[in-house]
Amino acid sequence: MHDLAFPMTAADRSMLRHFRNSLPKHHRTQFDASVANLLQSETRFAVDRPSQQHILMGSCAVCAYHQWRAYGLDETAAKKAVGRSITTFSSGLSRFLIWLWYRLSKDPFEATRKYTAKIDQTYGAMFDIEFSVMEDGFVSVVKICGYKAFLARHDAEHLLDLFCEWDRVWIDSIPKGIRFSRPSTIAQGAASCRFEFRRE
């Protein structure tokens, strides 16, 4: 962990503990070593802090999956266990902060539009996200998914849909007045992930 391009944040350390503590105790030491090795192999892809954080999350997911398999779970059960760790990481706090953000917004739809228009900058170099306006709303299209690229490098693309499910944390927090749809995702075989927002 000492060779990371960017110092780990409190959230990064919390993520590591979250995944580590989800595992049986006698698998945690191997998990630590595996994550460290994976992060070291990914150094050249961690070109900015957001990318490093995506790589850390991906590393936790892949290494936890391998440890659950080593523990004796079959592929389906191991994947389910990892998915549970992904979706429960800081989910309560995240939902509260999203709720608070919307409550403090004079126009939740316009606040969402402004945030989404800049999301390509906040997600880092691992993602290519295109924003466009349509007649009754706006669209955010993920043309390159950093998680897909990361998982492909480590023969773990079967975990990609777990990261799509992670979106439920913010999708389920969208207030009335905003109609949202996600008609396609890369994990489902589409060329891109399409997020559509319309004002009701």
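Residues numbered from 1 in each chain as written. Predicted model: local features only at pLDDT ≥ 70, side-chain atom pairs only at ≥ 80, totals over all residues. Heavy atoms only, no water.

**Q** Honestly, the pattern of salt bridges in this entry has me stumped. Any pointers?
**A** Where charged atoms of side chains with opposite charge meet at close range, the side chains can pair. For the coordinates displayed, the defined rule picks out 13 salt bridges. The residue E42 makes a salt bridge to R153 at a minimum N-O spacing of 2.6 Å. Taken together, the positions of E42 in the loop between α2 (28–41) and α3 (49–71) and R153 in helix α8 (residues 146–153) put the pair 111 residues apart, joining distant regions of the chain. With relative accessibility at 2%, the residue E42 sits in the buried group. With its nearest N and O atoms 2.9 Å apart, the salt bridge here joins E196 to R198. Take E196: its relative accessible area is 11%, and that puts it in the buried class. A cluster of three or more residues bridged by salt bridges with shared partners is formed by D136, R194, E196 and R198. (Salt bridge = Lys/Arg side-chain N within 4 Å of Asp/Glu carboxyl O. Helix = DSSP H or I, 4+ residues; strand = E, 2+ residues; numbered from the N terminus. Buried < 20%, exposed > 50% of the residue type's maximum accessible area, 1.4 Å probe, protein only.)

**Q** Help me out: how do you make sense of the sheet that holds strand β1 (residues 128–134) in this one?
**A** Think of a sheet as strands paired side by side through backbone hydrogen bonds, with each pair either parallel or antiparallel. Ordered in space as β1-β2-β4-β3, the 4 strands form an open sheet in which the pairing is antiparallel. The open sheet terminates on both sides in strands that have one partner only, identified here as β1 and β3 (178–184). Mean inter-strand twist for the sheet, computed between neighbouring axes without regard to direction, equals 15 degrees. Both β3 and strand β4 (residues 193–199) contribute to a ladder of 5 bridges, which runs antiparallel. Opposite R179, over in β4, you have R198 as the bridge partner. Contacts between helix α6 (residues 108–117) and the sheet are confined to β1, β2 (137–144), β3 and β4, with β2 contributing the most and set at about 25 degrees to the helix. (Pairing = 2+ DSSP bridges. Axes fitted to C-alpha atoms, helices over the stretch in contact; angles between N-to-C directions. Contact = heavy atoms within 4.5 Å.)

**Q** Can you help me understand the confidence of the model for the chain in this one?
**A** Overall, the prediction assigns the chain a mean pLDDT of 95, with 99% of residues at 70 or greater. Across the chain, the secondary-structure element scoring lowest on mean pLDDT is helix α7 (residues 119–122), at 91, and the one scoring highest is α8, at 98. (pLDDT = per-residue confidence, 0-100.)

**Q** Sorry if this is basic, but what is going on with unusual backbone geometry here?
**A** Trans is the common state for peptide bonds, and a negative phi is the common state for residues other than glycine. In this model, S90 sits at a positive phi of 55 degrees, which is unusual for a non-glycine residue. When you line up the elements, S90 lands in the loop between α4 (75–88) and α5 (91–104). Positive phi values are uncommon outside glycine, yet D155 reaches one of about 55 degrees. Looking at where D155 falls in the secondary structure, it is placed in the loop between α8 and α9 (160–166). Given a relative accessible area of 70%, D155 falls into the exposed group.

**Q** Is there a simple way to think about α3 in this case?
**A** In an α-helix there are 3.6 residues to a turn, and that puts residues three or four apart on one side. Over its 23 residues, α3 runs 33 Å from end to end, which matches the ideal 33 Å to within 8%, given 1.5 Å per residue. Of all the 23 residues making up α3, 17 are buried; the element is thus mostly covered by neighbouring parts of the structure. G72 occupies a position one or two residues after α3 and carries a positive phi of about 125 degrees. (Expected span 1.5 Å × (residues − 1).)

**Q** So what exactly am I meant to see when it comes to the packing of α3 against α8 here?
**A** Packed helices, taken two at a time, are described by their axes: the angle between them and the distance between them. Interhelical geometry of α3 versus α8 gives an angle of 45 degrees and a closest axis separation of 10 Å. When the axes of α3 and α8 are compared, the pair comes out oblique. Along this stretch, α3 crosses α8, giving a crossing that reads as right-handed. Residues H54, I55, M57, G58, S59 and V62 of α3 form the contact with α8, whose own contacting residues are Y147, F150 and L151. Looking at the contact of α3 with α8 residue by residue, the class counts come to 6 nonpolar, 3 polar and no charged. (Parallel < 35°, antiparallel > 145°, perpendicular 65-115°, else oblique. Left-handed = near helix turned anticlockwise from the far one by under 90°. Nonpolar A, V, L, I, M, F, W, Y, C, P; charged D, E, K, R; others polar.)

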